[in-house]
Amino acid sequence: MRKKIVAGNWKMNNNLNETKKLIKELKNELKGFEFDNTRVIIAPSFVNLQQAVKKTEETKIEVSAQNLHQAKNGAFTGEVSAEMLVDIGIDIVILGHSERRAYFNETDESLALKVKTAIANGLDVIFCFGEQLEDRTSENHFKVVEEQLRNALFGLSSEAYNNIILAYEPVWAIGTGQTATADQAQEMHYFIRNLLAKEYNDALAQEVSILYGGSVKPNNAEEIFSKPDVDGGLIGGASLKAEDFSAIVKSI
Ligand code: 13P
C-alpha cells in the first residue's frame, strides 16, 4: 500500500532558534497522532538540518533537505553534496522545486543528474514539477507535466521508484493562495499515475505516492486529500505554523 505523506517545505525561513521552537511545537501538536501508514516530513534550510535531525530523533518526524548538488564533491563553491547530507542523518531531499527552476536555472537535464545522485546515495527524492499559468490557460498542462517527468525521471530503473515521491505543484498555485481545486489535482494525479503505468507498469504506478502542493491550508487539505490519487501534500507557507501544519497532517 502506498504511503500517505505530508511534507513541509520551509524554504528560506527560520533561524536556528525558530527551527528548534517550531519542531518542539510540532512534536506537541502531533502527540498521539497515529503515524501508521503516514510519513510526516519537514525540510528546514541546510544550516539547520543537523539540529533538526537531533531534535526529531525520538519522533517519527523525518527531516529532508531542500536541494543537493549532483557531483560527488569538488570545486563547487556554495554547494552541498548527497554524501554530506547522508553523513548528518538526512535521508530525503526535495528536488526540482519551481523556485529552483525559476531562480537558479535548474533544468530537467540537471535535475535528472541530481535525482540519479540522490538515489545512488540512498536518499528518497521528493520530485517537484508542475505547469505555469500560461500552460494551463493554453491547455498544455498535461503535455508540460509529461515532458518534465519524461526528461528528468523516465530514464530511471523501476527499482529507483522505491525512492521517488512525486509532488505536483502547479506554479500558479504556489504561495498565491489560489489552490488547484480538488478535482483539478485529482485529474492531474490520475494522468500522472497512468503515465507511470504506461512507461513502467501498473504495479509500480500504484506504489508511487503523488503529493499535491500549492496553497494547501487547514481549510482545504481534507478535500484535496480525499481524492483517490492524491496521497498527501507538500506544504509551504502553512508548514511554518505548528498548529496549521499539524492540522493538515491530521486531515490526511
Ligand atoms: P505554498 O503552500 O506556500 O503555496 O507553497 C507550496 C510549495 O511551494 C511547497 O513546496
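**Remarks on the pattern of salt bridges**
And step 1. Within this structure, the stated rule accounts for 16 salt bridges.
And step 2. With a shortest N-O distance of 3.2 Å, Lys-21 and Glu-25 are connected by a salt bridge. With Lys-21 and Glu-25 both in helix 1 (residues 16-29) and four residues apart, the pair spans about one turn of that helix.
And step 3. Among the residues examined, Lys-21 registers a relative accessible area of 55% and is labelled exposed.
And step 4. Three or more residues joined by partner-sharing salt bridges are found here, namely Arg-2, Arg-193, Asp-229 and Asp-231.

**Section: a positive patch on the surface**
And step 1. On the surface, Lys-24, Lys-27, Lys-31, Lys-54 and Lys-55 cluster together to form a positively charged patch.
And step 2. With respect to the secondary-structure elements, Lys-55 resides in helix 2 (residues 49-55).
And step 3. Note on Lys-55: relative accessible area 31%, which makes it partly exposed.

**What about the pairing of strand 7 (residues 210-213)?**
And step 1. By the alternation rule, side chains of strand 7 split into Ile-210 and Tyr-212 and Leu-211 and Gly-213, which are all buried.
And step 2. In terms of strand pairing, strand 6 (residues 164-168) meets strand 7 through three bridges, oriented parallel. Counted as the bridge partner of Tyr-168 is Tyr-212 from strand 7.
And step 3. With two bridges joining them, strand 7 and strand 8 (residues 232-235) adopt parallel strand pairing. In the sheet register, Gly-213 faces strand 8, and the bridge partner there is Leu-234.

**A few points about the nonpolar core**
As a rule of thumb, nonpolar side chains are buried together in soluble globular proteins.
And step 1. With 68 residues, the main nonpolar core has Phe-127, Leu-149, Leu-153, Tyr-161 and Leu-166 as its most contacted residues.
And step 2. Ranked by residue count, the leading element in this core is helix 8 (residues 182-199), at six residues.
And step 3. Those residues in contact with Leu-153 that sit more than four places away from it in its chain are Val-115, Phe-127, Tyr-161, Ile-164, Leu-166 and Tyr-200.
And step 4. Core analysis: the second largest hydrophobic core is formed by twelve residues, Ala-7, Ile-41, Ala-167 and Leu-234 among them.

**So, the packing of helix 7 (residues 141-153) against helix 8**
And step 1. For the pair helix 7 and helix 8, the least separation of the axes is 11 Å and the interaxial angle reads 45°. Classified by the angle their axes make, helix 7 and helix 8 are oblique. When you trace helix 7 past helix 8, the crossing you get is right-handed. In contact with His-141, Phe-142, Val-145, Glu-146, Leu-149 and Arg-150 of helix 7, helix 8 contributes Glu-187, Met-188, Phe-191, Ile-192, Leu-195 and Glu-199.
And step 2. Tallied by class, the residues present in the contact of helix 7 with helix 8 amount to seven nonpolar, one polar and four charged.

**Describing the sheet that holds strand 4 (residues 92-95)**
And step 1. Spatial strand order, 1-2-3-4-5-6-7-8: eight strands in a closed barrel with parallel pairing. Strand-to-strand, the axes of this sheet are offset by a mean angle of 25°, without reference to chain direction.
And step 2. Inspection of the sheet shows strand 1 (residues 4-9) paired to strand 8 by four bridges, in the parallel sense. In the sheet register, Ala-7 faces strand 8, and the bridge partner there is Leu-234.

Here is what the cut-offs are and how they apply
Residues numbered from 1 in each chain as written. Predicted model: local features only at pLDDT ≥ 70, side-chain atom pairs only at ≥ 80, totals over all residues. Heavy atoms only, no water. Salt bridge = Lys/Arg side-chain N within 4 Å of Asp/Glu carboxyl O. Helix = DSSP H or I, 4+ residues; strand = E, 2+ residues; numbered from the N terminus. Buried < 20%, exposed > 50% of the residue type's maximum accessible area, 1.4 Å probe, protein only. Patch = residues over 30% accessible without salt bridge, like charges linked within 9 Å, V, L, I, M, F, W, Y side chains within 5 Å. Areas by Shrake-Rupley, 256 points an atom, 1.4 Å probe, with all protein chains shown as cover. Lys, Arg positive; Asp, Glu negative; His and termini not counted. Charge placed at Lys NZ, Arg CZ, Asp CG, Glu CD. Pairing = 2+ DSSP bridges. Core = buried A, V, L, I, M, F, W, Y, C linked by side-chain atoms within 4.5 Å. Contact = heavy atoms within 4.5 Å. Axes fitted to C-alpha atoms, helices over the stretch in contact; angles between N-to-C directions. Parallel < 35°, antiparallel > 145°, perpendicular 65-115°, else oblique. Left-handed = near helix turned anticlockwise from the far one by under 90°. Nonpolar A, V, L, I, M, F, W, Y, C, P; charged D, E, K, R; others polar.

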